[in-house]
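# Analysis of the macromolecular model
Listed here are the chains, written in short residue letters.
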Amino acid sequence: MAVEVLGTADGRAKTALSHAHAASWRAARAAGKPLAIGRASPPDHPARPAAPALLDPRDVPRRKAGSRQGRVAMLHAVAHIELNAVDLHWDIIARFTETPMPAGFYDDWVKAADEESKHFNLLCDCLEAHGSSYGAMPAHAGMWQAASDTAQDLMGRLAVVPMVLEARGLDVTPNMIALFEKAGDRQTVDALNVIYAEEVSHVAYGSKWFHFLCGRHELDPRVVFHDLVRRYFHGLLKPPFNEEKRAEAGLPPDFYWPLTEEQRAV
Ligand SMILES: [Fe+2]
Ligand SMILES: [Fe+2]
């Protein structure tokens, strides 16, 4: 099921399939007949629609954040992130099946994938209300980099994707909501509030299963987190951090603050 979502190119079709498979998973769990995890070979890169064109971040045109055009461009960029997130969650489900994990691990990522699918569609609706659509402007290439870099390392994947990239979403979303509020764009404010509330749990799933694996291997979570982020994440973490929401998601300050500076040679 995960591989089928990953192999579907069109955004609306991918997310419809994602919702349908999440519903099947949940129904089977509720009936006490959980679906078998099985084995699969997820593609190196998920299928994506022909548009948007994917450009190097340096080549994506910048627009003024204050203008309506700038806000639509921002919506487009976030929709692109959400579509990528749908694939990231189905990818973690399909890619690491040789590592035995409790059923709750799959419950969490199925739920996260289901929610990202909703987020993508909410943002597409906002884009369409502005007379635009997903694919109408170029988007960043390289969003799959974190997945490729951690394709062999489940703990690395958890450290970088939910605990760094999705946590970054918690930092930046309140300002984005304020910007659309100021513009009087109620539909987008409502969509971003749904996203903001649900993203906390995605970071929390990352932290939960990262700590679970540290416990299994008797590792110090903070030390291993720093090692893995320095190995797989290109660059430093950027303050200001949303310390309150990060705490709610099980990310303490001593996990992320040390990663704002280059590691000093001892
Ligand atoms: Fe999302
Ligand atoms: Fe998310």
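Residues numbered from 1 in each chain as written. Chains lettered and ligands numbered in written order. Predicted model: local features only at pLDDT ≥ 70, side-chain atom pairs only at ≥ 80, totals over all residues. Heavy atoms only, no water.

## Overview of empty space enclosed by the protein
For the coordinates displayed, the defined rule picks out 1 cavity of 30 Å³ or more. Looking at the largest cavity, its volume works out to about 40 Å³. Forming the walls of the largest cavity are Leu-88, His-89, Ile-92, Trp-109, Arg-157, Val-161 and Pro-162. Going through the elements one at a time, helix H3 (68-95) and helix H6 (154-182) are the ones with two or more residues in the lining of the largest cavity. Across the lining of the largest cavity, the residue classes tally to 5 nonpolar, 1 polar and 1 charged. (1 Å grid on protein atoms, 1.4 Å probe; cavity = no way out; pocket = protein on both sides within 12 Å on 5 of 7 lines; lining within 4 Å. Points joined across faces, edges and corners; volume = space filled by probe spheres on them. Helix = DSSP H or I, 4+ residues; strand = E, 2+ residues; numbered from the N terminus. Nonpolar A, V, L, I, M, F, W, Y, C, P; charged D, E, K, R; others polar.)

## Concerning the packing of H6 against helix H7 (residues 186-216)
Two numbers describe how H6 lies on H7: the axes approach to 8 Å, and their chain directions differ by 160°. As judged from the angle between their axes, H6 and H7 are roughly antiparallel. Our pair here, H6 against H7, has a crossing hand that is left-handed. Class assignment of the residues belonging to the contact of H6 with H7 gives a composition of 21 nonpolar, 6 polar and 4 charged. (Axes fitted to C-alpha atoms, helices over the stretch in contact; angles between N-to-C directions. Parallel < 35°, antiparallel > 145°, perpendicular 65-115°, else oblique. Left-handed = near helix turned anticlockwise from the far one by under 90°.)

## Focus: the coordination of the iron ion (ligand 1)
Taken together, the protein ligands of the iron ion (ligand 1) are Glu-82 (OE), Glu-116 (OE), His-119 (ND1) and Glu-199 (OE), with distances of 1.9 to 2.3 Å. Around the iron ion (ligand 1) sit 4 donor atoms, and with donor-metal-donor angles ranging over 88 to 159° the site reads as irregular. Of note, the donors binding the iron ion (ligand 1) are all from one chain and are spaced E-x33-E-x2-H-x79-E. Separating the iron ion (ligand 1) from the iron ion (ligand 2) is a gap of 3.7 Å, which Glu-116 spans by donating to each of them. In this pair, Glu-116 is assigned in helix H4 (residues 103-129) and Glu-199 in helix H7, connecting sequence segments 83 residues apart. We note that Glu-116, like Glu-199, is buried. (Donors = N, O, S within 2.8 Å, 3.2 Å for Na, K, Ca; no water. Tetrahedral: all angles 85-135°; square planar, octahedral: opposite > 155°, others 65-115°. Buried < 20%, exposed > 50% of the residue type's maximum accessible area, 1.4 Å probe, protein only.)

## Quick notes on the environment of Gly-104
Mapped onto the secondary structure, Gly-104 falls in helix H4. Assessed through its relative accessible area of 23%, Gly-104 is described here as partly exposed. Expressed as a C-alpha distance, the spacing of Gly-104 and Leu-213, which sit 109 residues apart in the sequence, is 13 Å.

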